Every structure is written in structure tokens, then in C-alpha cells.
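Commentary on secondary and tertiary structure
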Amino acid sequence: MEKNIKSLTNLFIGISYEDAIDEVVRAGRRAKNSIETFAKSHNGCILVMMVPLCQQADTWLGGLSEFDDTGRALDLHEYVFARTITPGGSHTIQ
């Protein structure tokens, strides 16, 4: 398990979950004009959900899940982030 922890640590070094979410949102906003409903209404939602499957990933996301002493997940927290498809727009398509 120690080897796995080191590789996960290297994966997460220098990347915050905030930066990861921002990149997903930027990509979604770039793609919105290719979807007629979003292009016309400028409304809609980008929803990102992250479910950490190990304690290190959960710590990176904020540490709200529960694990036992061996690192086995007892209760995983689902991290959900919602942003409008257009800044200043509505999450709801009318």
C-alpha cells in the first residue's frame, strides 16, 4: 500500500481540486455553443461529481469521508460542484 500512496501523492502534487473543477467548467463553457439549447438560452448547469475511492483522494478533496485504520472506506462523501454554463446565467433552462 505504501507504494500506492506515493504514486497518488505524486499525482495530486501541485493540482488543487479547485483548479481541476475550473478546467472542467472552462471546457464545458467552450463546448456550450455546439449544443443548441445552451447556445440559445445561455442557461444550464455544469455539474461535476467526485467520489474518492481512497483516503488520499478524499483528503485532497477535503477529508469528509470516513475510513477505518486500514484505509478501507466506511462512508464515502460525494463531492458535487455546480456552475452555470454561462457566467451570470441561470442553472435552469426555461
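Here the structure is shown first, and the text comes after it.
Note that the coordinates shown come from a computational prediction; the quantities given were computed from them, not determined experimentally. (Residues numbered from 1 in each chain as written. Predicted model: local features only at pLDDT ≥ 70, side-chain atom pairs only at ≥ 80, totals over all residues. Heavy atoms only, no water.)

Here's the deal with the pairing of strand β1 (residues 45–50)
Going residue by residue along β1, you find Ile46, Val48 and Met50 tucked away on one face and Cys45, Leu47 and Met49 left uncovered on the opposite face. Relative to strand β4 (residues 79–84), β1 runs antiparallel, the two being bridged by six bridges. The partner of Met50 across the bridge, within β4, is Tyr79. (Buried < 20%, exposed > 50% of the residue type's maximum accessible area, 1.4 Å probe, protein only. Helix = DSSP H or I, 4+ residues; strand = E, 2+ residues; numbered from the N terminus. Pairing = 2+ DSSP bridges.)

Focus on the nonpolar core
Formed by Ile21, Val25, Phe38, Ile46, Val48, Met50, Leu61, Tyr79, Phe81 and Ile85, the largest nonpolar core amounts to 10 residues. Where this core is concerned, the elements lending two or more residues are α2 (17–31), β1 and β4. Examining the composition of this core, we find that three residues originate from one element, β1, more than from any other. Not counting residues up to four positions away in its chain, the partners in contact with Leu61 are Tyr17, Met50, Pro52 and Tyr79. (Core = buried A, V, L, I, M, F, W, Y, C linked by side-chain atoms within 4.5 Å. Contact = heavy atoms within 4.5 Å.)

Description of the environment of Ala39
Structurally, Ala39 is set in helix α3 (residues 36–41). Overall, the relative accessible area of 25% leaves Ala39 in the partly exposed class. Between the C-alpha atoms of Ala39 and Thr86, which are 47 residues apart in sequence, the distance is 9.4 Å. Setting aside anything within four residues of it in sequence, one finds Ala39 in contact with Lys32 and Asn33.

Some words on the side chain of Thr86
Positionally, Thr86 belongs in the segment after β4. Take Thr86: its relative accessible area is 14%, and that puts it in the buried class. Separated by 3.0 Å, the side chain of Thr86 and the backbone oxygen of His42 make a polar contact. Leaving out residues up to four positions away in the same chain, Thr86 has contacts with Arg29, Lys32 and His42. (Polar contact = N/O pair within 3.5 Å; in protein donor to acceptor, adjacent residues only side chain to side chain.)

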